[in-house]
Each structure stands twice: as C-alpha cells, then as structure tokens.
Amino acid sequence: MESLQEKTIESEKRVDSEQEVSVTKKRKITTDTTDTTRPLPRSSRRKPDDFRSSEDLGKVEYIIKDGLRKIKPYFFQYQAYAKGRWLGRTLLNVFSEEFRDRSEEYYKYAIEKGLITVNGKSVTVDTLIKNQDIIGHQIHRHEPPVTDTEIAIVHQDKDLYVVNKPGGIPVHPAGRYRHNTVIHVLRKKHNIPILFPANRLDRLTSGLMLIALNAKRAQELEHEMTQGKIRKEYVCRVQGEFPKKEIVCEAPIKTISFKLSLNYVHEEGKPCTTVFERLSYNGTTSVVRCRPLTGRTHQIRVHLRYLGYPIANDPLYGSDTTWSPKLHKGQSMTPEEAQALVDSLMAKSEYQDGQWHTEEQPNTIPSTTKTDETCGECSIELLKDPVPKDLFIWLHAWRYSGEHWAYETELPEWAKESFMQ
C-alpha cells in the first residue's frame, strides 16, 4: 500500500519492478549519442534547510534476529509539497483516497490531534489544499522486518558497486520502508552520503544491482540504458513443465492499479517483449532463463502467468491466491475484470492505525497477524514477524552486460537443477 513517504523521499522514485529505470528522469534521446551530460538529481541541489533534505540515518538502530533485519521504531515527520491533483480537495479526502495504508477514521483522528498539518499548522478535516502547501504527517514509525541476508558486493571500483541484492528487501525508501532498504543499509555500512542505483529490483526479487558512487558514472550507465545497450538475463522457477523450445511473449501490459502495483496483459497496455528458455525440469517445476527486451513493471512475472507458468511462489501472480481465477491464461483482462481484481485485493489490505482505536472503532488488523502486545509509544498493536522464506520469490537478476563490461552472480540454490521444494 502507498503511504505519504512515497511522495516525499527525495528523488528516489517508487518503481515496484524487476526491471530497471533511470537514476533520474529520462530525457528525450537525441541523434547525438555521445552526449551524456545532464544535471545532478534535484536532491543533491537542494539547500541545507530544505525540509526534503532531512537526514537521520546515523540514528537508526538495526536489530539482527531470527533471520530478519529489524529496526527500532522511531518518530518521523513526513512532509511533501501538495501535488497538482490534490489542489482544491479537502485534506481528509486526499489522505483517505491517496494513502490507503491507513483508514479514513485514523486520518480524521490524526488531523484533529494535529498529527497531520498544513504548513506546520493544525487545520480541520475540511481544509482545502492550495498550491505550494506543505503537508506534514507525524508518526511513530514501525518499519517491517526484512531479510538479514548479506548484500554481497560482486564488484567494486572507485565509481561503482555491483551487488547481489537478496530477495526480501526493497531497493530504496518507499511505502512502509525507509531505513530497511538496500540503499540505506549500504550507506550506513560503508559511510557513503549518497548512492545512485542504476537499476531497480522488486522487493521480492534477488540479483544484480548496479549502484554508481558518483553522478558521472550514474549518467554513463543511464546513457547505456536509454540507448538499449544493456542486456539482461534473469532466472526463475515456474510451476509445471515449461516447453523446451524458446518462447517469445509479446503481450502488451497495462498497470491495473498503481496503488497496488498490479499489472496484467491488456489490449490498452504498452508493448513489451520477453524471451524465455527452459534450463531444467525436476518433475514439478522448471527453471527458466528470461531475457526481457523491454522494461515494464512486473513484466517477467506477468508474461509467465499469461503463458500459464507462473513463478511457483509468487504471492501476487501465482496460482495459490483467492484472486488467481481472475488472471486468465492466454487472455487479456477486461475493465470489469480489472476492477473486480482490484476490489478483491483491496479487501485483503490491512490497516495499522494505533492509539486512536476505541470500542466503536476497533483495529482492523486480522487476528492471525497480530500479537497480544502493543507499542508503549503509540499503542499500535504489534504484528507477528514474517517467516524469512516467505519474503522472496524465485526470480533472480542473473547477468547484466554493456558495451565493455559484464557481471553475473552465482545461481541461487532454488535455481539449481538438484533443488527440490
């Protein structure tokens, strides 16, 4: 679910995808392919007193326990300039419609108590948002645990880190995650003030990441990407016996819900192409090499589901979900089916709102995920820790190569021919 942080974390854009995007906003490609000059990201040009430049990484306390990396809860003030689509709408409407990680009742409480502000001042739920308003939200932040698997460095030089990202940790701050991210863990461990990720991987996906240590190297990598000069290979483990022959899928993909980061094949989707080749079959599942020729969100996962061979442990596009029958093999999705799917997923969403709860407004977290404990600071009902093996899917960015370089990781255990689940 989205939260206000997705609108505020400097220039680190939320891209919930196994495919890469530019470090900064992509420019129009010209016929002059030798020019890689472009300005630094906006975050590096901000004034020291700009509220978007706040830094508290030095205060974070990581706790490693039971296969998980946890963070001691902390107070945090989200702030963001009002977006164009917010203008003229009430404060309550914006929060309840744009940020679905908490309920409308919570937002009423937070506005009345002054936890949500406009330009640093307490306001009412009916306050209309205007251009240049600064929206603030003070919370006691409980970040979800992530895997404690090491972020291994595959290659390092003065300009670049190439790392093997574990599945189960997001790349950059977004949603409920801030310090429990690849970028912040690396920055803190190596005492680096800023990093430039050149490709992004979905939180559940493992594999190669290219992280520039300076703007110049980041610009060079981006130039290669925008020119289509970087080749990518992934491996995954899918349900069933994947065909032996090479399969090329060119089904267009559309984002069904931005809030849920849900995508599927749709007639109005963007064109995309993925080439698949089976590497092995163990009688139940197949290991498949994937070569995405385009970079749509969840492209590999969606194309595999569309072909009838979903990634075997995919919690969104797999076959073990209650909404799985709505994802049809070999068929695009109608608008009615798309809305029904979104409604099914929204019904599964969980709120974690804290001390505002009363007997008339009980907590909406299902009892199966709650503990019997509450936070002493904010009275939020604490959730059970996830099982480490449930934090990742069997999808791995295996090899990346450019004009004069190539990197690869070892295959994960689940991708080896001898693996039996």
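Residues numbered from 1 in each chain as written. Predicted model: local features only at pLDDT ≥ 70, side-chain atom pairs only at ≥ 80, totals over all residues. Heavy atoms only, no water.

A.B. asks: Before we move on, could you go through the overall build of the chain and cite the residues and values that matter?
C.D. replies: Counting its secondary structure elements, the chain contains six helices and 21 strands. Of all intrachain contacts in the chain linking residues separated by at least 6 positions in sequence, the fraction that spans at least 24 positions is 68%. (Helix = DSSP H or I, 4+ residues; strand = E, 2+ residues; numbered from the N terminus. Contact = heavy atoms within 4.5 Å.)

A.B. asks: A description of the pattern of salt bridges should follow, citing residues and the corresponding values.
C.D. replies: Evaluated as defined, the whole model comprises 22 salt bridges. With a closest N to O distance of 3.2 Å, glutamate 98 and arginine 89 form a salt bridge. A salt bridge links aspartate 202 to arginine 301; the shortest N-O distance between them is 3.4 Å. Of the two residues, aspartate 202 is situated in the loop between strand S10 (196-197) and strand S11 (206-212) and arginine 301 in helix H5 (residues 299-307); the sequence distance between them amounts to 99 residues. By relative accessible area, which is 2% here, arginine 301 ends up buried. Residues joined by salt bridges that share partners form a network here, namely Glu233, Glu277, Arg289, Arg399 and Glu408. (Salt bridge = Lys/Arg side-chain N within 4 Å of Asp/Glu carboxyl O. Buried < 20%, exposed > 50% of the residue type's maximum accessible area, 1.4 Å probe, protein only.)

A.B. asks: Would you mind going over unusual backbone geometry in detail, with residue names and values included?
C.D. replies: Phi at aspartate 66 takes a positive value of approximately 55°, unusual for a residue other than glycine. Relative to the elements of secondary structure, aspartate 66 occurs in the loop between strand S1 (62-65) and strand S2 (68-71). In this model, serine 261 sits at a positive phi of 50°, which is unusual for a non-glycine residue. Within the secondary structure layout, serine 261 lies in the loop between strand S14 (253-257) and strand S15 (262-265).

A.B. asks: So what about the side chain of arginine 187? Which residues, and what values?
C.D. replies: Inspection of the secondary structure puts arginine 187 in helix H3 (residues 182-190). The contact partners of arginine 187, leaving out residues within four places of it in the chain, are Glu55, Leu57, Ile192, Pro193, Ile194 and Leu195.

A.B. asks: Tell me about the state of the cysteines, residues and numbers included.
C.D. replies: For the structure shown, the criterion picks out zero disulfides. Not engaged in a disulfide, the cysteine cysteine 249 finds its nearest cysteine sulfur in cysteine 272; these two sulfurs lie 7.2 Å apart. By relative accessible area, cysteine 249 is classed as buried at 4%. Given the relative accessible area of 2%, cysteine 272 is considered buried. (Disulfide = S-S within 2.5 Å.)

A.B. asks: Lay out the sheet that holds strand S6 (residues 134-141) with the relevant residues and their values.
C.D. replies: One open sheet holds the four strands; their spatial order is S3-S6-S4-S5, and the pairing between them is antiparallel. Either end of the sheet is taken by a strand with one partner, and the two such strands are strand S3 (74-81) and strand S5 (121-122). As paired elements, S3 and S6 share eight bridges and run antiparallel to each other. Opposite tyrosine 81, over in S6, you have isoleucine 134 as the bridge partner. (Pairing = 2+ DSSP bridges.)

A.B. asks: Got a sec to walk through the nonpolar core? Specific residues and values, please.
C.D. replies: The biggest cluster of nonpolar side chains holds 70 residues, and the ones touching the most others in it are Leu210, Ile211, Leu262, Phe276 and Tyr400. In this structure, phenylalanine 276 is in contact with Phe242, Lys245, Glu246, Ile247, Cys249, Val288, Arg289, Cys290, Ile300, His303, Leu304 and Leu307, ignoring residues within four places of it in sequence. Within the second largest apolar cluster, 23 residues are counted, among which are Tyr74, Ala82, Leu91 and Ala110. (Core = buried A, V, L, I, M, F, W, Y, C linked by side-chain atoms within 4.5 Å.)

A.B. asks: Explain the sheet that holds S2 to me, and be specific about the residues and the numbers.
C.D. replies: What the three strands build is an open sheet, ordered S1-S2-S7; its pairing is antiparallel. Taken across any chain shown, the strands that pair with only one partner, and hence form the sheet edges, are S1 and strand S7 (146-147). Here S1 pairs with S2 via four bridges, running antiparallel. Across the sheet, the residue bridging to lysine 65 is leucine 68, located in S2.

A.B. asks: Outline the environment of lysine 254, listing residues and values.
C.D. replies: Looking at the element boundaries, lysine 254 is found in strand S14. When the C-alpha positions of lysine 254 and methionine 333 are compared, they lie 9.5 Å apart, and in sequence the two are 79 residues distant. If near-sequence neighbours (up to four positions away) are discounted, lysine 254 is found in contact with Leu262, Asn263, Tyr264, His266, Glu268 and Gly269. Side-chain polar atoms of lysine 254 contact the side chain of glutamate 268, separated by 3.0 Å. (Polar contact = N/O pair within 3.5 Å; in protein donor to acceptor, adjacent residues only side chain to side chain.)

A.B. asks: Account for the environment of cysteine 375, with residues named and values stated.
C.D. replies: Mapped onto the elements of the fold, cysteine 375 is located in the loop between strand S18 (370-374) and strand S19 (381-383). Between the alpha carbons of cysteine 375 and proline 73 there is a distance of 9.2 Å; along the sequence they are 302 residues apart. For cysteine 375, the residues in contact, after removing those within four places along its chain, are His140, His142, Ile380 and Leu382.

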